[in-house]
Amino acid sequence: MSEYFKNIPKVKFEGRGTTNPFAFRHYNPEEVIMGKTMRDHLRFGAPYWHVMRNDLSDPFGAGTALMPWDDGSESLDNALNRVDVFFEFLNKIDIDYYCWHDRDIAPEGKTLSETHDNLAKVCDKLLASQQEHDKKLLWGTSCLFINPRYSQGAATSPNADVFAYAASNVKHALEQTHRLGGEGYTFWGGREGYSTLLNTDMKRELDHLAAFFHMAVDHAKKIGYKGQFYIEPKPMEPSTHQYDSDSAACLNFLREYNLLDHFKLNLETNHATLAGHTMQHELDVAIGADALGSIDANQGDELVGWDTDQFPTDIYMATHVMVRVLKMGGFTTGGLNFDAKRRRESHELEDLFHAHVGGMDTYARGLKIAAKIVEDGRFDELVGERYSTFDSGIGADVENGKTTLDSLDAYAHTIDAPIIASGRQEMLENLFNDYIQ
Ligand code: XUL
Ligand code: CO
C-alpha cells in the first residue's frame, strides 16, 4: 500500500523536554489519571471534512492545501482512495475516533439512488479500514447545507419535497452510521433558520424540525440503532439566525417537543463564542440538564467575528472544559472531535500534524491540570461555602420547598438586615492560575 505522509513518523509521547515537533509533550495515551488512561478520558476524534476535504479556501481566495493524493474530481474512485490516506493519518497521529458528513466521504450521484449507493460503497471500505486499524466512528451526520436545494433549509425548508430529500439523506446516513458502529449521530442545522422573518413562518418551521427529529428517533428504533443523537448549537453562519442557537435554546426546543430523552448536545467552542457565551457557560447549561454529549474542540479568534475553527491552543479553556468533563464522570458516547482547520497559510502536509499535535497536547495538559483541581476540591469547597446559608435553617427550608412568601416575610422580620460576603472573584482567579503549569 502506498504511504502518503512519507516524511512524517508516527507521533509518540516524548515529554516536555523534547525538541521534536512530531512528538507529544503532554499526551501520553496510556498514562493513568484519576483511574483512567488519557486515551480513554480524551477520546480524540478527527473530522473527515477538515482533514480530507478542506482545501483551505476562503471567501477571498482559492484553496492552498497540498493534497497530492487527490485528483480533484468528485468520482467514487477518488473518494475511495481518500479513505487510505485518512486512516494513515489517524494511525500516525494516534487518534482513535473520527466523524463524517455523508458528502465528505462519498460524492452525490446523478440520481438519489446513485448517491446512496456511493455512500454504501465508501462505507464498505470505511468498515474494513476501521477493523484493520482499530479505529472507531464517534459520530456520523448528513450534510444538509451545501447542495443548493438546501439553501432555504432542509427540515425547515418551505418546500415539502426538499424536506423529503433531507429525510432520505438522513435515513441513509443513519443506517451507515449504524453499520459502522457509530457511537453517535449529529444534527448541525446550519441552514435550519432564516435569513429574514419577512418570508418565514417560524412556528411552522420549528414544528417541521421536531417532526424530522422524531422520525429519526423512530427510525433508529426500527433499525436497532442505539447510538446517541446530538444537536450541535450554533447561532448564525451560514444563516442569519439558526434555531439551534445555543445550549439553552436547544434544550428548550427539545423539552417543548418531547425529544429530551433522545438527544444530548454536541458543544463546539467557537459556536459558544459566536453565541456571545463562554464555552464554560454552554457546558454548564448542558450539564445542568444532564445533556452534555460530546465536544467539537476548536477555538475562535478574539478579533475576528467568524467561525474560524482554529485548533485549540488555549490551556485555560482546555482546563475549564476538562474540569467539567471530569466532574460529570467523563464522556460516555462522546469525545473531543477537532472540528478545526489549519490557517490558509499552513498548506503543507506536515502542518496537518503540527495542528493536531498542538490540539491534543493542549487538551492533555488541560486534563492533567483539571485532575489536580478536581482532586484538590478547593473550588468545590469555596463555592460550597458561598451557598452555605442554604445548607441548614431557612435556606434548607427554601430548597426543600417548605417556605412561602408569608413565612419568609415573617422570618425576615426576625433578623438583622443581611450582609452579603465577597464573591472573591480575584482570589479564585489567582487560585486557578496556581494550578496552570
Ligand atoms: C459547522 C460545524 C459542522 C458540524 C457538523 O460550523 O461545526 O461542521 O460540526 O455538521
Ligand atoms: Co462542529
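Calculation criteria
Residues numbered from 1 in each chain as written. Chains lettered and ligands numbered in written order. Predicted model: local features only at pLDDT ≥ 70, side-chain atom pairs only at ≥ 80, totals over all residues. Heavy atoms only, no water. Helix = DSSP H or I, 4+ residues; strand = E, 2+ residues; numbered from the N terminus. Rg over C-alpha atoms; globule rule 2.2 N^0.38 Å. Buried < 20%, exposed > 50% of the residue type's maximum accessible area, 1.4 Å probe, protein only. Contact = heavy atoms within 4.5 Å. Areas by Shrake-Rupley, 256 points an atom, 1.4 Å probe, with all protein chains shown as cover. Lys, Arg positive; Asp, Glu negative; His and termini not counted. Charge placed at Lys NZ, Arg CZ, Asp CG, Glu CD. Near = heavy atom within 4 Å. Polar contact = N/O pair within 3.5 Å; in protein donor to acceptor, adjacent residues only side chain to side chain. Nonpolar A, V, L, I, M, F, W, Y, C, P; charged D, E, K, R; others polar. Axes fitted to C-alpha atoms, helices over the stretch in contact; angles between N-to-C directions. Parallel < 35°, antiparallel > 145°, perpendicular 65-115°, else oblique. Expected span 1.5 Å × (residues − 1). Arc of directions from axis to C-beta. Donors = N, O, S within 2.8 Å, 3.2 Å for Na, K, Ca; no water. Tetrahedral: all angles 85-135°; square planar, octahedral: opposite > 155°, others 65-115°. Salt bridge = Lys/Arg side-chain N within 4 Å of Asp/Glu carboxyl O. Pairing = 2+ DSSP bridges. Left-handed = near helix turned anticlockwise from the far one by under 90°.

1. Overview of the overall build of the chain
Link 1 in the chain: Across its full length, the chain holds 16 helices and 14 strands.
Link 2 in the chain: In terms of overall dimensions, the chain is globule-like: its C-alpha atoms have a radius of gyration of 24 Å, near the 22 Å expected for 437 residues.
Link 3 in the chain: Judged by the C-alpha coordinates and their principal axes, the chain covers about 80 × 60 × 45 Å.
Link 4 in the chain: Counting every position in the chain, which comprises 437 residues, the buried fraction comes to 51%.
Link 5 in the chain: Across the chain, every contact between residues at least 6 apart in sequence was considered, and the portion connecting residues at least 24 apart equals 76%.
Link 6 in the chain: Surface accessibility of the chain: about 20700 Å² in total, with carbon and sulfur atoms responsible for 52%.
Link 7 in the chain: Positive and negative side-chain charges of the chain, numbering 42 and 67 respectively, have mean locations separated by a distance of 5 Å.

2. Regarding the site of ligand 1
Link 1 in the chain: Residues in contact with ligand 1, as listed here, are Trp49, His101, Trp139, Trp188, Glu232, Lys234, Glu268, His271, Asp296, Asp307 and Asp339.
Link 2 in the chain: Here an oxygen atom of ligand 1 sits 2.9 Å away from a polar atom, N or O, in the side chain of His271.
Link 3 in the chain: Note that an oxygen atom of ligand 1 is positioned 2.8 Å from one of the side-chain N or O atoms of Asp339.
Link 4 in the chain: Burial of ligand 1 by the surrounding chains reaches 93%, relative to a free accessible area of 290 Å².
Link 5 in the chain: Among the residues making up the shell around ligand 1, the classes are represented as 3 nonpolar, 2 polar and 6 charged.

3. A closer look at the packing of helix H10 (residues 279-288) against helix H11 (residues 315-327)
Link 1 in the chain: Running from amino to carboxyl end, H10 crosses H11 at an angle of 10°, the nearest separation of the two axes being 10 Å. Between H10 and H11, the crossing angle belongs to the class labelled roughly parallel. Between H10, through Met279, Gln280, Leu283, Asp284 and Ile287, and H11, the contact on the second element is made entirely by Met317, His320, Val321 and Arg324.

4. Structural notes on H11
Link 1 in the chain: Its 13 residues give H11 an end-to-end C-alpha distance of 18 Å, which sits within 8% of 18 Å, the value for a rise of 1.5 Å per residue.
Link 2 in the chain: Every buried residue of H11 is listed here: Met317, Ala318, Thr319, Val321, Met322, Val323, Arg324, Val325 and Leu326.
Link 3 in the chain: Two or three places before Tyr316, at the opening of H11, Asp314 has a side-chain oxygen 3.0 Å from that residue's backbone nitrogen.
Link 4 in the chain: At the C-terminal side of H11, Gly329 shows a positive phi close to 95°.

5. Some words on helix H8 (residues 247-256)
Link 1 in the chain: Those residues of H8 that fall on the buried side of the exposure criterion are Ser247, Cys250, Leu251, Phe253 and Leu254. Mapping the buried residues of H8 onto a view down its axis gives an arc of 160°, with all of them on the same face.
Link 2 in the chain: Considering only its buried residues, H8 is in contact with helix H7 (202-223), strand S10 (228-231), strand S12 (263-268) and H10.

6. Some details on the coordination of the cobalt ion (ligand 2)
Link 1 in the chain: The cobalt ion (ligand 2) binds to the protein through Glu232 (OE), Glu268 (OE), Asp296 (OD) and Asp339 (OD); the donor distances cover 1.9 to 2.2 Å.
Link 2 in the chain: In this structure, the cobalt ion (ligand 2) is surrounded by 6 donor atoms whose angles at the metal cover 79 to 173°, and the resulting shape is octahedral.
Link 3 in the chain: The exposure class of Asp339 is buried, given its relative accessible area of 7%.

7. Re the pattern of salt bridges
Link 1 in the chain: Evaluated as defined, the whole model comprises 18 salt bridges.
Link 2 in the chain: Where Asp96 meets Arg39, a salt bridge forms, and the shortest distance between an N and an O atom there is 3.0 Å. One end of the pair, Asp96, is in the loop between helix H3 (76-93) and strand S6 (97-101); the other, Arg39, is in helix H1 (residues 38-42), with 57 residues separating them in the sequence. There is no split in this pair, since Asp96 and Arg39 are both buried.
Link 3 in the chain: Among the salt bridges present, the one from Arg53 reaches Glu74, with a minimum N-O distance of 3.2 Å. Residue Arg53 is located in helix H2 (residues 48-53), and its partner Glu74 is located in the loop between H2 and H3; the two are separated by 21 residues in the primary sequence.
Link 4 in the chain: Residue classification places Arg53 among the partly exposed positions, given a relative accessible area of 24%.
Link 5 in the chain: With a relative accessible area of 53%, Glu74 lands in the exposed category.

8. Structural notes on the pairing of strand S13 (residues 292-296)
Link 1 in the chain: Of all the 5 residues making up S13, 5 are buried; the element is thus mostly covered by neighbouring parts of the structure.
Link 2 in the chain: Of the pairings in the sheet, the one linking S12 to S13 comprises 4 bridges and is parallel in character. The partner of Leu265 across the bridge, within S13, is Leu292.
Link 3 in the chain: Across 2 bridges, S13 lies against strand S14 (residues 336-337) in parallel orientation. The residue bridging Asp296 from the neighbouring strand is Asn337, located in S14.

9. A few points about the packing of H3 against helix H12 (residues 349-376)
Link 1 in the chain: Interaxial distance between H3 and H12 falls to 11 Å at its minimum, and their mutual angle equals 45°. If you check the angle between H3 and H12, you find them oblique. Considering only the axes of H3 and H12, their crossing is right-handed. Judged by residue contacts, Phe89, Lys92 and Ile93 of H3 engage Leu352, Phe353, His356, Val357 and Met360 from H12.
Link 2 in the chain: Class assignment of the residues belonging to the contact of H3 with H12 gives a composition of 6 nonpolar, 1 polar and 1 charged.

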